[in-house]
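Now for the letters of each chain:
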Amino acid sequence: MQDEPEDPDKAPGLDEQPFPAAVSEFKMVHVANGRAMIEDDTGLWIVQRGSVLPDSSRVSSIEQRGGKWVIVTSTDKVIELSR
């Protein structure tokens, strides 16, 4: 079976093409008992190791670095506790 070239007249229009979702921004507002509270534009959320975050990454760890609490994500992003 041969691959047929795509017909440019049958390609989806700009209004039909999927675009990646905007990355949701969030901040960490509290830490207690191995869990963290994060806040985004939709509300407050409690997360722990393994939880899915608003940017689709996962919590790798919640730890202290240099005396400050941070969330380390599966994409190696570090989110510091907001003051």
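Being a predicted model, the structure only gives us computed values, none of them experimental.

Reading the values: the criteria
- Residues numbered from 1 in each chain as written.
- Predicted model: local features only at pLDDT ≥ 70, side-chain atom pairs only at ≥ 80, totals over all residues.
- Heavy atoms only, no water.
- Helix = DSSP H or I, 4+ residues; strand = E, 2+ residues; numbered from the N terminus.
- Buried < 20%, exposed > 50% of the residue type's maximum accessible area, 1.4 Å probe, protein only.
- Contact = heavy atoms within 4.5 Å.
- Lys, Arg positive; Asp, Glu negative; His and termini not counted.
- Salt bridge = Lys/Arg side-chain N within 4 Å of Asp/Glu carboxyl O.
- Polar contact = N/O pair within 3.5 Å; in protein donor to acceptor, adjacent residues only side chain to side chain.

1. Looking at the overall build of the protein
Working step 1: Counting its secondary structure elements, the protein contains 0 helices and 6 strands.
Working step 2: Reading the secondary structure of the protein in the N-to-C direction produces β-β-β-β-β-β.
Working step 3: Sorting the 83 residues of the protein into buried and exposed places 25% on the buried side.
Working step 4: Taking the contacts inside the protein whose residues are at least 6 apart along the sequence as the reference set, 24% of them involve residues at least 24 apart.

2. Side note on the side chain of Asp55
Working step 1: Structurally, Asp55 can be placed in the loop between strand 3 (43-47) and strand 4 (59-65).
Working step 2: Buried and without a salt bridge, Asp55 has Lys77 as its closest oppositely charged side chain, separated by 4.2 Å.
Working step 3: In this structure the side chain of Asp55 is engaged in a polar contact, spanning 2.6 Å, whose partner is the side chain of Ser57.

3. Topic: the pattern of salt bridges
Working step 1: Tallied over the full model, the rule gives 3 salt bridges.
Working step 2: The residue Lys68 makes a salt bridge to Glu80 at a minimum N-O spacing of 3.9 Å. A residue pair is termed long-range when its members are at least 10 positions apart, and Lys68 in strand 5 (residues 68-73) and Glu80 in strand 6 (residues 78-80) qualify at 12 residues.
Working step 3: Owing to a relative accessible area of 45%, Lys68 belongs among the partly exposed residues under this scheme.
Working step 4: We classify Glu80 as partly exposed; its relative accessible area is 43%.

4. Overview of unusual backbone geometry
Working step 1: One non-glycine residue, Asn33, lies in the positive phi region at around 55°.
Working step 2: Locating Asn33 in the fold gives a position in the loop between strand 1 (27-32) and strand 2 (35-40).
Working step 3: Among the residues examined, Asn33 registers a relative accessible area of 78% and is labelled exposed.
Working step 4: Despite not being glycine, Ser56 shows a phi value in the positive range, around 75°.
Working step 5: A relative accessible area of 64% places Ser56 in the exposed class.

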